[in-house]
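Working through the structure, step by step
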Amino acid sequence: MTFVQLIECRTSRFDEMNRLMDAWVEQTRGRRTATHDLVGRDRSDTSHIVEIVEFPSYEEAMRNSELPETGRIFQDLVALCDEEPTFTDLDVVRDEPLCATTARRLFETLAAPGELPPLNDLLDEDCHSHDPVNPQDTIGLDAVRREYRMWRDAFDFTFTIEDLIAQGDRVCARWTWNATHKGEFLGIASTGERVTMTGMTLFRFGADGKIAETWWQHDQLGLMAQLGALEALEV
């Protein structure tokens, strides 16, 4: 279970504290067990500093605290504080990157039967789509929906999300696509073939939390081979 330590202190010497934390990061390189460190300053009280440190588990956090550099840095940290820091130990019971949830919802919506919904709750009105199937970028929600309908008209399909990684305003998904070829696709009439394809999609999110840009990479050559489109090129 992921473990988070919340550290609060008051200081008028934040720049020195920041340099101290840089020194700790450098001195513990390759041995520390912390995976993420976030520091915030209270907008209503700039002397109030909150640090959130994430660990894979409580046990890893304890190993981190036993590093000799951690003990020395802590003593130096206390000296920079106006009062004794406070610590809150938290077991993470819910961790939900909202952008990742939106990306997953898009895959589920694209594969769902029935009429394709407007998608305006997931995609920005000026969304840009980069897909190697199209020679030019697709720009605008209506145009992106037409691009998606082209795939839906040609195939009944499902996505299996193999990996989903979120960082800042970007989400990257690695997926496997399984489909039945039911309609015309890039000039190829319906074959009824069961086909599969692997790929990755990178999403960029706007300030409103909607998808603003997508980059699709997939094994189009492998798909065309499964549809028999490469047989005429064989010697």
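Keep in mind that what you see is a predicted model, and the values were worked out from it rather than measured.

1. Let's talk about empty space enclosed by the protein
- Scanning the model with the defined rule gives two cavities of 30 Å³ or more in all.
- Looking at the largest cavity, its volume works out to about 170 Å³.
- If you go around the largest cavity, you meet 13 residues; those closest to its centre are D131, W151, F159, W177 and W216.
- Looking at which element gives the most residues to the lining of the largest cavity, the answer is helix α5 (residues 141-154), with four residues.
- By residue class, the composition of the lining of the largest cavity is nine nonpolar, one polar and three charged.
- Its boundaries defined by the atoms lining it, the second largest cavity holds a volume of some 90 Å³.

2. Examining the sheet that holds strand β2 (residues 36-41)
- Strand order in the open sheet made by the four strands is β2-β3-β1-β4, with antiparallel pairing throughout. Lying at the two open borders of the sheet, with one neighbouring strand each, are β2 and β4 (86-91). On average, each strand axis in the sheet is tilted by 15 degrees relative to the strand beside it, whichever way the strands run.
- Where strand β1 (residues 3-10) and β4 come together, six bridges link them in antiparallel fashion. Note on β4: the bridge partner recorded for V4 is L90.
- Taken strand by strand, helix α2 (residues 58-65) contacts β1, β3 (48-55) and β4, and its axis lies near 115 degrees from that of β3.

Quick notes on the rules
Residues numbered from 1 in each chain as written. Predicted model: local features only at pLDDT ≥ 70, side-chain atom pairs only at ≥ 80, totals over all residues. Heavy atoms only, no water. 1 Å grid on protein atoms, 1.4 Å probe; cavity = no way out; pocket = protein on both sides within 12 Å on 5 of 7 lines; lining within 4 Å. Points joined across faces, edges and corners; volume = space filled by probe spheres on them. Helix = DSSP H or I, 4+ residues; strand = E, 2+ residues; numbered from the N terminus. Nonpolar A, V, L, I, M, F, W, Y, C, P; charged D, E, K, R; others polar. Pairing = 2+ DSSP bridges. Axes fitted to C-alpha atoms, helices over the stretch in contact; angles between N-to-C directions. Contact = heavy atoms within 4.5 Å.

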